[in-house]
Structure formats: C-alpha cells, structure tokens
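Below are the chains, spelled out letter by letter.
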Amino acid sequence: MGYIFASVVITAYLVCLPPVHCMITKDTGVCGSTKSCYSIPDGCNPDVAGSCRAFSSWSLTADNTSLLINLWSNTTTYIALGFSKSGEMKDSDVYACTFDMEVLRSRNEEDENDNFPQELIGVTNPSVMFDQGIISCSFLRVLENDTYDDTFFDLTCPNKYTPILAWGGAVRDSRIFEHTDRGHGHEEISFDERCSSGNGLHPSTKLHGPVIFFALLSSFLVIFFQ
C-alpha cells in the first residue's frame, strides 16, 4: 500500500508541476509533452467555455520538415499566429485563419505594424472551421525552404522567435486588418523541437531539481509506509 501511495504522489507532481500546462488540447496532445502551446490567458483550455480567448499549438512532423500548427479563438473574423523577430507585431511572419475558411499569410515590416499580404508559400493541408462564433484551423508549415525570400522565416535550429497571437479586427480582400486584441510570449523560443533545450515552452529541461526532490520524497514515503 505504501509503494502505491508514493507512486501516485510522484506521478501527480511530475505530470502537473509548473511550467507544464496540465490540460488536454482540442487536438488531444498534451502541452509541454507531445507539443508546444501558447494561449491567452496562459494555460487555458479551449474545451472549457470561457477559458480561452486564443489558443495555439505546434508540433514537429515525423519527418522533421514541418510544423503541424493548430489555432483557435472565439472570434468572428480571424485568429493569427506570428513568428516575431522583434518581440512585438513588427518584423513578423504571420499566418491567419479567417471566418471565410481561408488561411492567409502576411508580413509585418520591421519599422511599422502594417500588415502586407504575402503569397501562401510553405503551407499545405489547410483546414479551417467557423462555427458558432469560433474559428479553429490546422495546417502544415515547412520549417525552411531556400527558394523563398526573406519574408519567409527559417524556423530551424538555432533560430528563435517570439510567438504572437492576434485576433478579431477585419478581413477584406484576403487581407487581415487591425486586430481586436493580441498577446505575445515573454521570450524568444525555438519552434524546432530538435533544439528544445532551454525553450520556455518545452519545460522538461526545467524539471531536474524537482525530480530530485520528489525522488527523495518518494524514498521517504516508501520507507515510512513499509
């Protein structure tokens, strides 16, 4: 009985210890484990009504060539994920899913926040749904391609970008306009999981200290309950 109790304690702490978000996303992947997530507010669950304003997740495909990206927001216009070099809206490579079932790509210039439409290159398998005021979508975005220009950001190691979510605003002529609201991550991260060490959204590398502590705790509990 003592062994079982100790095992339950350790499992609970290792699975749910911050900064791991202990929730299942709409696409059944565990944030911080099988995929990375960024949401507003942080750690929200889009399956819980009123929990999320915007949600994104991404994971590397089996052949290590692309990201499977999922976006979600309770908006009636668009939800967009940007890879930012500045930590803000400017100097960003942006991908938006819209209420009219499109996936759009745009570029925010280095010296201004204006959004300029770009050809939808490097994106395959787009799927967009708009139902009861909620937009959700998924698509594959290749990590890199030497044939594209410098508006298409290279997401392979060791490049890092700040994730940005924006939603609302308006969509006209396949172009997204001023957002209703937005948020951005607190730091640059690698979107390529092969160099995830130190990545704020891949928390496994930060569990070393807690693992040691709870391993010692488990030893104590096992001895105590014997």
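Scroll up to find the structure this text is about.
Anyway, here's the lowdown on the structure attached to this text. As the structure is a prediction and not an experimental result, all values here were calculated from the model.

1. Some remarks on the pattern of salt bridges
For the structure on display, the rule yields 5 salt bridges. In this structure, the salt-bridge partner of Arg53 is Asp181, at a minimum N-O distance of 2.9 Å. In this pair, Arg53 sits in the loop between strand S1 (36-40) and strand S2 (54-60) while Asp181 sits in strand S13 (residues 181-184), placing the two residues 128 residues apart along the sequence. Judged by its relative accessible area of 40%, Arg53 is partly exposed. Taken together, the salt bridges that share partners define one network made up of Asp93, Arg105 and Arg141.

2. A few points about the nonpolar core
Formed by 29 residues in total, the largest nonpolar core has its most connected members in Leu71, Phe83, Cys97, Phe139 and Leu165. The set of elements that each furnish at least two residues to this core consists of S1, S2, strand S3 (66-73), strand S4 (78-84), strand S5 (92-98), strand S8 (123-131), strand S9 (134-142) and strand S10 (162-167). Excluding its chain neighbours within four sequence positions, the residues that come into contact with Cys97 are Leu71, Thr77, Tyr78, Ile79, Glu102, Val103, Val128, Ile135, Cys137 and Phe139.

3. Regarding the packing of aromatic side chains
Scanning the entire structure with this criterion turns up 7 aromatic pairs. Ring centres 4.8 Å apart and planes at 40° place the aromatic pair Trp58 and Phe191 in the tilted group. Taken as a pair, Trp58 in strand S2 and Phe191 in the loop between S13 and helix H2 (208-225) lie far apart in primary sequence, 133 residues in all. In this pair, the class of Trp58 matches that of Phe191, namely buried. Three or more aromatic residues joined by ring pairs make a cluster, and in this case those are Trp58, Phe83, Tyr95, Phe139 and Phe191. When the ring centre of Phe153 is taken as origin, the NZ or CZ atom of Lys85, which lies over that ring, is 4.4 Å away. The ring of Phe177 carries Arg172 above its face, with NZ or CZ at 4.0 Å from the centroid.

4. Brief notes about the side chain of Asp192
Take Asp192: it is sitting in the loop between S13 and H2. Asp192 gets classed as buried once you look at its relative accessible area, which sits at 1%. Separated by 2.8 Å, the side chains of Asp192 and Arg194 make a polar contact. Residues in contact with Asp192, not counting those within four places in the same chain, are Leu60, Leu143, Leu155, Thr156 and Cys157.

Calculation criteria
Residues numbered from 1 in each chain as written. Predicted model: local features only at pLDDT ≥ 70, side-chain atom pairs only at ≥ 80, totals over all residues. Heavy atoms only, no water. Salt bridge = Lys/Arg side-chain N within 4 Å of Asp/Glu carboxyl O. Helix = DSSP H or I, 4+ residues; strand = E, 2+ residues; numbered from the N terminus. Buried < 20%, exposed > 50% of the residue type's maximum accessible area, 1.4 Å probe, protein only. Core = buried A, V, L, I, M, F, W, Y, C linked by side-chain atoms within 4.5 Å. Contact = heavy atoms within 4.5 Å. Phe/Tyr/Trp six-rings, centres within 6.5 Å; stacked < 30°, edge-to-face > 60°. Lys NZ or Arg CZ within 6 Å of the ring centre and 35° of its normal. Polar contact = N/O pair within 3.5 Å; in protein donor to acceptor, adjacent residues only side chain to side chain.

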